[in-house]
Amino acid sequence: MKEYFFHTEHLSVGYDGRPLIENIEIGLQRGQILTLIGPNGAGKSTILKSITRQLKTIAGTVYLENRPMEKMSGKDVARKLAVVMTDRMRPELMTCEDVVSTGRYPYTGTLGILSETDKKKVREAMETVHAWDLRNRDFTAISDGQRQRILLARAICQEPEIIVLDEPTSFLDIRHKLELLTILKRMVLEQRMAVIMSLHELDLAQKISDIVICVSEKYIDRYGAPEEIFTDAYIHELYGITSGSYNASFGCLEMEPPGGEPKVFVIGGNGSGIPVYRRLLREGIPFATGVLHKNDADYQVAKALAGRVIAEEAFFPIGQSRYEEARKVMLSCERVLCPLEDFGPVNEKNRLLLEEARSLGRIRVS
């Protein structure tokens, strides 16, 4: 059997003795990030609460360094494992520094008095998450995003070997989402820490995870590397997407395209058409686009948003048949937009389309 730093065997979790998810098998090494994804209510938080002993397991065993966690003391677990959950903490009359300081309690005496070394680690943890300026603020009076950073600081100053986080980016703005994940990744790479977390942002999960667990309809559906999990077809299946689409290449969601026959033809390429496609989508204007090479960034977005896409194989010059097809569609549209500025040997025929659109007075500033 492969040796793991953290693993579960035949784990079943649930409430009131009734299993919600059964036969959960997790294996995690030091220096790895494992992420749970899946629709709301599937059981991701239940799994995290169960493996951190906040919720009693129904069956099976959770191991930390090959020791059953149920046989470890609270202090022993706290010195190895830290938890950041979405449950709202409401500590009375505690500053942010006080809250972070509780992360040092596994190392203090029975009176919980912090040494100078403990105080230094508290400050370092708060500075790591850019929250030292909040140290004297009442924890209950700061924003949700600021609380999330304080709770992460508390976990960091606990000096754990594994950290478990439930939707840690939920209340954070873009800057602090990236900062939080960068901090976690640095700790994983430099300190060989292990991380288990749940995320709703699929683009972030795809970029940061070493292992992904997919929780679907109260069971584990898939377990594997991001490149095995994040495919257009599977994400549609996992989340039951019926409106719009998911693009695995970009890790993003796209809205459903406008209905009806195309009114605008876009001569795009090299990523130039993407802002135009999104603007036409916002305005509810159906459009067609081409001729795009299948390895072009424009093509990935156009497949989801355009009513019609005329495409050529990657690296090949635009052929005559594709040109004629695009010309026919362009002439059926009311106007033509061309954000593309550069033409070369492989897309020379797009320049010919632009020239004809100009001669017909169809071209508009994109």
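Just so it is clear, the model here is predicted, and its values are computed rather than measured. Here, residues in each chain are numbered from 1, in the same order as that chain's written sequence. Two thresholds apply to this predicted model, a pLDDT of at least 70 for residue-level local features and 80 or more for giving and counting side-chain atom pairs, whereas whole-chain, interface and lining totals are computed over all residues. The basis for the side-chain values is all heavy atoms of the structure; hydrogens and waters are excluded.

Trainee: I'd like to hear about the layout of surface pockets, residue by residue, with values.
Mentor: The rule is simple: put a 1 Å grid over the protein atoms alone, call a set of points where a 1.4 Å probe fits but cannot get out a cavity, call an open set with protein on both sides within 12 Å along at least five of seven lines a pocket, and count a residue as lining if it has an atom within 4 Å of a point. Grid points are joined across faces, edges and corners, and a volume is the space filled by probe spheres set on the points. One number sums up the size of the largest pocket: a volume of about 260 Å³. Around the largest pocket, the lining is made up of 14 residues, and of these I156, C157, E159, M187 and Q191 lie nearest the centre. If you list the elements that add at least two residues to the lining of the largest pocket, you get α4 (116-128), α5 (144-157) and α6 (174-191). In terms of residue count, the dominant contributor to the lining of the largest pocket is α6 (five residues). For the lining of the largest pocket, the residue count by class is seven nonpolar, two polar and five charged. Put simply, DSSP marks the helices as runs of H or I at least four residues long and the strands as runs of E at least two long, and each gets a number from the N terminus on. Residue polarity follows a fixed list, in which Ala, Val, Leu, Ile, Met, Phe, Trp, Tyr, Cys and Pro are nonpolar, Asp, Glu, Lys and Arg are charged, and the others, Gly among them, are polar.

Trainee: Describe in detail empty space enclosed by the protein, supporting the description with residues and values.
Mentor: For the coordinates displayed, the defined rule picks out two cavities of 30 Å³ or more. Here the second largest cavity is characterised by a volume of approximately 50 Å³. Surrounding the second largest cavity, V129, H130, R149, L152, H176, E179, L180 and I183 form its lining. At the level of elements, α5 and α6 are the ones that each hand at least two residues to the lining of the second largest cavity. Per element, the largest residue contribution to the lining of the second largest cavity is four residues, and it comes from α6. A breakdown of the residues in the lining of the second largest cavity according to their chemical character gives four nonpolar, two polar and two charged.

Trainee: Could you give an account of the packing of aromatic side chains, with specific residues and numbers?
Mentor: Centres within 6.5 Å are what make two rings of Phe, Tyr or Trp a pair, Trp counting through its six-membered ring; a difference in plane orientation under 30 degrees is then read as stacked, over 60 as edge-to-face, and the rest as tilted. In this structure the tally under the stated criterion is one aromatic pair. Plain terms: the ring middles of Y277 and F287 are 5.3 Å apart, the flat faces sit at 15 degrees to each other, and that makes the pair stacked. With Y277 in helix α10 (residues 274-282) and F287 in strand β15 (residues 287-293), this residue pair connects regions lying 10 residues apart in the sequence. One exposure class covers both Y277 and F287, and it is buried. Throughout this description, the term charge over a ring refers to an Arg CZ or Lys NZ atom that lies within 6 Å of the ring centre and within 35 degrees of the ring normal. Here the guanidinium or amino end of R222 rests over the ring plane of Y234, the centre of that ring lying 3.8 Å away. Only protein chains enter the accessibility calculation, which uses a 1.4 Å probe; a residue is then buried when its area is under 20% of its type maximum, exposed when over 50%, and partly exposed in between.

Trainee: So, the packing of α4 against α5: which residues are in play, and what are the values?
Mentor: To obtain an axis, a line is fitted to C-alpha atoms, over the contacting stretch when the element is a helix, and the angle between two such axes runs from 0 to 180 degrees between their N-to-C directions. Running from N to C, α4 and α5 cross one another at 135 degrees; their axes reach a closest spacing of 8 Å. It follows from the interaxial angle that α4 and α5 lie oblique. When the axes of α4 and α5 are compared, the crossing they make is right-handed. For the pair α4 and α5, contact is made by K121, V122, A125, M126 and T128 and by I150, A153, I156 and C157, respectively. Of the residues assigned to the contact of α4 with α5, the class counts are seven nonpolar, one polar and one charged. Should an angle fall under 35 degrees it is taken as roughly parallel, and over 145 as roughly antiparallel, whereas 65 to 115 is taken as roughly perpendicular and any remaining angle as oblique. It is the rotation of the near helix from the far one that decides the hand of a crossing: anticlockwise by less than a right angle makes it left-handed, clockwise makes it right-handed. Contacts were defined at the residue level, with two residues in contact if any of their heavy atoms lie within 4.5 Å.

Trainee: Kindly report on the side chain of S101, identifying the contributing residues and their values.
Mentor: With respect to the secondary-structure elements, S101 resides in helix α3 (residues 96-101). Judged by relative accessible area, S101 falls into the buried class, the value being 11%. In terms of polar contacts, S101 uses its side chain to reach the backbone carbonyl oxygen of E97, at 2.7 Å. Apart from the residues lying within four places of it in its own chain, the contact partners of S101 are L114 and V122. Contacts described as polar in this section are N or O atom pairs within 3.5 Å, which, within protein, must combine one atom able to donate a hydrogen with one able to accept it, while residues neighboring in sequence count only if both atoms come from side chains.

Trainee: How would you summarise unusual backbone geometry if you had to cite specific residues and measurements?
Mentor: The peptide bond linking G290 to V291 adopts the cis configuration, its omega dihedral lying at -15 degrees. Within the secondary structure layout, V291 lies in strand β15. Phi angles above zero are rare outside glycine, and N66 is one such case at about 65 degrees.

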